[in-house]
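Close look at the chain arrangement
Chain by chain, the residues run as shown.
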Amino acid sequence: MSDPTQADAPQGTAAAHSAVAIAVEAMNKTFPTRRGVPDVIAVEDVSFTVDYGRTLGIVGESGSGKSTVARCLLGLTPVDSGRIEVLGRSIVDAPARSLRAWRSEMQIVFQEPYESLDPRYHVWESVAEPLLLHTDLRGGELAGRVHELLEQVALSPDLAGRYPHELSGGQQQRVNIARALATSPRVLVLDEPTASLDVSVQEGVLRLLLRLQQELNLAYVLISHDLKAIRAVCERVAVMYLGRLVEIGPTDEVLSNPKHPYTEFLIGAELSVDPDVAPAARVVRGEVTSSQRPTGCVFTTRCPLVTSTCHESQPPLIEATPGHDAACILVKPESAASDLSGAV
Ligand SMILES: Nc1ncnc2c1ncn2[C@@H]1O[C@H](COP(=O)(O)OP(=O)(O)OP(=O)(O)O)[C@@H](O)[C@H]1O
Ligand code: SF4
Ligand SMILES: [Mg+2]
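How each quantity is defined
- Residues numbered from 1 in each chain as written.
- Chains lettered and ligands numbered in written order.
- Predicted model: local features only at pLDDT ≥ 70, side-chain atom pairs only at ≥ 80, totals over all residues.
- Helix = DSSP H or I, 4+ residues; strand = E, 2+ residues; numbered from the N terminus.
- Buried ≥ 20, exposed ≤ 12 C-beta atoms within 10 Å, placed from the backbone.
- Contact = placed C-beta atoms within 7 Å.
- Pairing = 2+ DSSP bridges.
- Axes fitted to C-alpha atoms, helices over the stretch in contact; angles between N-to-C directions.
- Near = placed C-beta within 6 Å.
- pLDDT = per-residue confidence, 0-100.
- Nonpolar A, V, L, I, M, F, W, Y, C, P; charged D, E, K, R; others polar.
- Core = buried A, V, L, I, M, F, W, Y, C linked by C-beta atoms within 7 Å.
- Expected span 1.5 Å × (residues − 1).

1. Points about the overall build of the chain
Scanning the chain from N- to C-terminus turns up ten helices and twelve strands. Relative to its 344 residues, the chain shows a buried fraction of 41%. Across the chain, the fraction of contacts at a sequence separation of at least 24, relative to all contacts at a separation of at least 6, is 62%.

So this is what it looks like as structure tokens:
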């Protein structure tokens, strides 16, 4: 049987010969600030890959650089340095014209469903717009494709004439997903796609995304604060803190056996809202502040396990167990037998 991850990759590109849809290496992005204030290092030395048909989750507190990664990934924000390949094409330094042409194959869904829609367009027009821009479909063929997309995202054709303000948040986000899918992308970046939706609606949107991924073999990057959503959708998860990837690996493994104190804190913070669960073992104080970037490990200002050695240099990502890396001096490769559980 042929490999489904390769069958639909774009022909004549590197992606046609590989299961890798997204490859990011040493991505860096700094935003200048007003004079006298240090520049914001939004993304620093970030690397990861995502295969066709797979989802990488990105988690981290507000300001950790998740959306900047998403925007740089699709060329919406230029990076300072690094290598980004999506569908076998280099995004860094690609001319704006090429990025526009490739956009049909790599789409993004943003957090705020209403703000992503043009209030002047009703549902049918919103879904037809990307098709008119990126395809030759017109007349009956165009109508047929719009109908198919509405069906794919489980939106009743009765809603086709409604304007965004006449839809629920869940319906608005389904229109955004239909728009993103309109041009048959191979890569979908989902930046907090369910954050502004009611809990009851979130599950439906996640189920929809999973079904579409299976049907269309899409590569997803899912940014979310919600570890439950990450567990449900992502095979792998990356944890960001102050622009750096501090842990990455298989979702089950990272969330059940975290190797970085920050990941442990995020899991503890999630559990602490559950009254039946004991509070996190180690208390992490303060909040992420890009203006007070410490020397050495980025987490020194909040880490309950910090020692003087942590201030010397930023620990690199070390493979703790196969495919599971973390950037902390307490992490040793599996053979060296050490993890956070022994550290106090
Ligand atoms: N266009 C910009 N100009 C200046 N600074 C920016 C810009 N975009 C992002 N930043 C800064 O870069 C850092 C990372 O921001 P980013 O939006 O990527 O974080 P995030 O993890 O997506 O946060 P949130 O969870 O709140 O969406 C923040 O300190 C932010 O203030
Ligand atoms: S290197 Fe030190 S400060 Fe950084 S996460 Fe590890 S123990 Fe904490
Ligand atoms: Mg964001």
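From this point, the narrative continues.
2. Description of the sheet that holds strand S5 (residues 89–90)
With respect to topology, four strands assemble into an open sheet ordered S2-S1-S4-S5, the strand pairing being antiparallel. Each edge of the sheet is formed by a strand with only one pairing partner; in this case those strands are strand S2 (40–51) and S5. Strand direction decides the pairing type here: strand S1 (residues 20–31) and S2, joined by eight bridges, are antiparallel. Its bridge partner being in S2, valine 24 is matched across the sheet by phenylalanine 48. Sheet strands in contact with helix H2 (residues 66–73) are S1, S2 and strand S4 (81–86), and its direction is about 120° off that of S1.

3. With respect to the site of ligand 1
Taken together, twelve residues form the shell around ligand 1, and within it Phe31, Ala42, Ser62, Ser67 and Thr68 come nearest. Put simply, the parts of the chain that give the shell around ligand 1 at least two residues each are S2 and H2. The element contributing the most residues to the shell around ligand 1 is H2, with three residues.

4. Observations concerning the confidence of the model for the chain
Fine structural detail should not be taken from predicted coordinates in areas where pLDDT scores are low. The predicted model of the chain averages 87 in pLDDT, with 85% of residues at 70 or higher. Contacts from residues 1–17, a stretch scored under 50 in pLDDT, to residues over four places away or in other chains number 25 contacts. Below pLDDT 50 for its whole length, residues 274–282 participates in ten contacts with residues either more than four positions away or in separate chains.

5. Focus on the site of ligand 2
Looking at ligand 2, there are 13 residues lining it, with Cys297, Cys303, Leu305, Cys310 and Cys328 nearest. Split by residue class, the shell around ligand 2 holds eleven nonpolar, two polar and no charged.

6. Some thoughts on the sheet that holds strand S8 (residues 219–223)
An order of S6-S7-S8-S3-S9-S10-S12-S11 is seen for the eight strands of this open sheet, with the pairing classed as mixed. Sheet topology places strand S6 (106–109) and strand S11 (318–321) at the edges, where each strand pairs with a single neighbour. Averaged over all pairs of adjacent strands, the angle between strand axes in this sheet comes to 20°, irrespective of strand direction. Pairing geometry for strand S3 (residues 55–59) and S8, over four bridges, is parallel. The residue of S8 that forms the bridge with leucine 56 is valine 221. Packed on one face of the sheet, H2 meets S3, S6, strand S7 (187–191), S8 and strand S9 (236–241) and runs near 150° to S8.

7. Remarks on the environment of valine 306
Along the chain, the position of valine 306 falls in the loop between helix H10 (261–272) and S11. The class for valine 306 is partly exposed, based on 17 C-beta atoms found within 10 Å. Linking valine 306 and proline 261, residues 45 residues apart in sequence, is a C-alpha distance of 9.7 Å.

8. Some remarks on unusual backbone geometry
Positive phi, normally seen in glycine, also occurs at aspartate 93, with a value near 65°. With respect to the secondary-structure elements, aspartate 93 resides in the loop between S5 and helix H3 (96–102).

9. Some details on the nonpolar core
Ranked by internal contacts, the top residues of the largest apolar core, which has 88 residues, are Leu73, Ala178, Val187 and Val221. When sequence neighbours within four positions are dropped, the list of residues in contact with valine 221 reads Ile22, Val50, Leu56, Ile58, Ala70, Leu73, Val189 and Leu190.

10. Some words on the pairing of S3
S3 sits mainly inside the fold: five of its five residues count as buried. With burial as the criterion, each face of S3 is covered, one bearing Thr55, Gly57 and Val59 and the other bearing Leu56 and Ile58. Across four bridges, S3 lies against S9 in parallel orientation. Among the inter-strand pairings, valine 59 is bridged to a residue of S9, identified as valine 239.

11. Examining helix H4 (residues 123–134)
Val123, Ser126, Val127, Ala128, Pro130 and Leu131 are the residues of H4 that are buried. Summarising the contacts, the buried residues of H4 are in contact with helix H5 (139–152) and helix H6 (169–181).

12. A short note on H6
Every α-helix winds through 3.6 residues per turn, so residues three or four apart in the chain are directed the same way. An ideal rise of 1.5 Å per residue puts 18 Å on 13 residues; H6 measures up with 18 Å between its terminal C-alpha atoms. In terms of burial, H6 is a largely internal element, twelve of the 13 residues being buried. Among the structural elements, S6, H4, H5, S7 and helix H7 (199–216) are those in contact with the buried residues of H6.

13. Structural notes on the pairing of S11
As defined by bridge partners, S11 adjoins strand S12 (residues 324–326) across three bridges and the pair is classed as antiparallel. Paired with isoleucine 318 across the two strands is alanine 326, which belongs to S12.

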